[in-house]
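Survey of secondary and tertiary structure
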Amino acid sequence: IGASAASSTGGPVDKTFTVRRVRIDGMVAQVDIVTVPQPGPIRLQATGKPDTLKELQIRAVGDELFLRLDSDEDEAWFPWNLFNLWGKDRHARDLSLRITAPVGTPYDIDGMVGTINAGDIDAPLRLDAHAIQARFGRTQSAKVSIAGSGRVALGAVKETVDLEVA
């Protein structure tokens with residue numbers, strides 16, 4: 001199926017993955033997305049509280065890097081497990097992720113709570129968030145859905161913008 005990793009010791013993570021896209025699911029965190037002009041692997045750096053780092057699930061499947069915050073590695077990949085997100089007292093300040101990826105890397109972010117700071121990704125963006133403060137530079141296209149509170153700033157969008165606020 002792919003490579004799997006979690007910080008079972010609760011220590012910092014610094015890994016690279018040879019993938020082409022990033023999917024973030026059910027994450028409560030502060031996320032920095034750094035875009036580099038040259039092609040190459042995607043680098044993930046994670047720091048935070050040891051208990052939170054132990055729940056960070058990291059998988060590379062095919063050409064996609066999956067990141068999820070969940071204590072049960074096997075059940076973390078079922079959609080019904082989203083309810084576990086609300087079962088714990090999590091705070092965005094407890095986990096910081098830094099993703100360094102080439103320009104043109106698509107991002108699919110689902111169930112996000114926290115903050116995202118990104119430069120010009122020049123790629124498709126899908127963002128579904130519950131309580132978010134996010135800033136993105138240039139994107140190819142953007143599909144943004146916010147339920148709850150939040151603020152999202154988008155730079156220039158080359159193709160289409162689809163925005164839904166609930």
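Right, let's walk through the structure included here. (Residues numbered from 1 in each chain as written. Predicted model: local features only at pLDDT ≥ 70, side-chain atom pairs only at ≥ 80, totals over all residues. Heavy atoms only, no water.)

Time to look at the overall build of the protein chain. The helix and strand tally for the protein chain stands at one helix and 13 strands. In sequence order, the protein chain lays out its α and β elements as β-β-β-β-β-α-β-β-β-β-β-β-β-β. A buried classification covers 43% of the 166 residues belonging to the protein chain. For the protein chain, contacts bridging at least 24 residues in sequence account for 51% of all contacts bridging at least 6. In the structure as shown, the protein chain presents an accessible area of about 8400 Å², 51% of it carried by carbon and sulfur atoms. (Helix = DSSP H or I, 4+ residues; strand = E, 2+ residues; numbered from the N terminus. Buried < 20%, exposed > 50% of the residue type's maximum accessible area, 1.4 Å probe, protein only. Contact = heavy atoms within 4.5 Å. Areas by Shrake-Rupley, 256 points an atom, 1.4 Å probe, with all protein chains shown as cover.)

This brings us to the pattern of salt bridges. Overall, the coordinates contain 11 salt bridges when judged by the stated rule. Residue Arg 126 is joined to Asp 110 by a salt bridge in which the shortest nitrogen-to-oxygen separation is 3.8 Å. Here Arg 126, found in strand E10 (residues 124–136), pairs with Asp 110, found in strand E9 (residues 107–118); they are 16 residues apart in sequence, far enough to count as distant. Given a relative accessible area of 28%, Arg 126 falls into the partly exposed group. (Salt bridge = Lys/Arg side-chain N within 4 Å of Asp/Glu carboxyl O.)

Mapped onto the elements, Arg 68 comes out in strand E7 (residues 64–69). A distance of 2.7 Å separates polar atoms of two side chains, one belonging to Arg 68 and the other to Asp 25. (Polar contact = N/O pair within 3.5 Å; in protein donor to acceptor, adjacent residues only side chain to side chain.)

A regular strand places its side chains so that they alternate between the two faces of the sheet. The element E9 is extensively covered by neighbouring structure, given that nine of its 12 residues are classed as buried. In this sheet, E9 lies alongside strand E3 (residues 21–25) in parallel orientation, the contact comprising four bridges. Counterpart to Val 22 in the pairing with E9 is Tyr 107. Sheet topology note: the strand E4 (residues 28–36)/E9 ladder contains six bridges and is parallel. Pairing of Gln 30 across the sheet is with Thr 115, part of E9. In this sheet, E10 lies alongside E9 in parallel orientation, the contact comprising 10 bridges. (Pairing = 2+ DSSP bridges.)

Before going further, it helps to examine the nonpolar core. One finds Met 27 and Ile 116 to be the most contacted residues of the largest nonpolar core, which totals 40 residues. In contact with Ile 116, not counting residues within four places along its chain, are Val 31, Ile 33, Ile 109, Leu 127, Ile 132, Gln 133, Ala 134, Arg 135 and Phe 136. (Core = buried A, V, L, I, M, F, W, Y, C linked by side-chain atoms within 4.5 Å.)

Where nonpolar side chains cluster on the molecular surface, the patch consists of Leu 154, Val 161, Leu 163 and Val 165 and spans about 370 Å² of accessible area. Along the chain, Leu 163 turns up in strand E13 (residues 161–165). (Patch = residues over 30% accessible without salt bridge, like charges linked within 9 Å, V, L, I, M, F, W, Y side chains within 5 Å.)

The topology assignment puts Val 61 in strand E6 (residues 56–61). Taking the C-alpha atoms as reference points, Val 61 and Val 19, 42 residues apart in sequence, are found 8.3 Å from one another.

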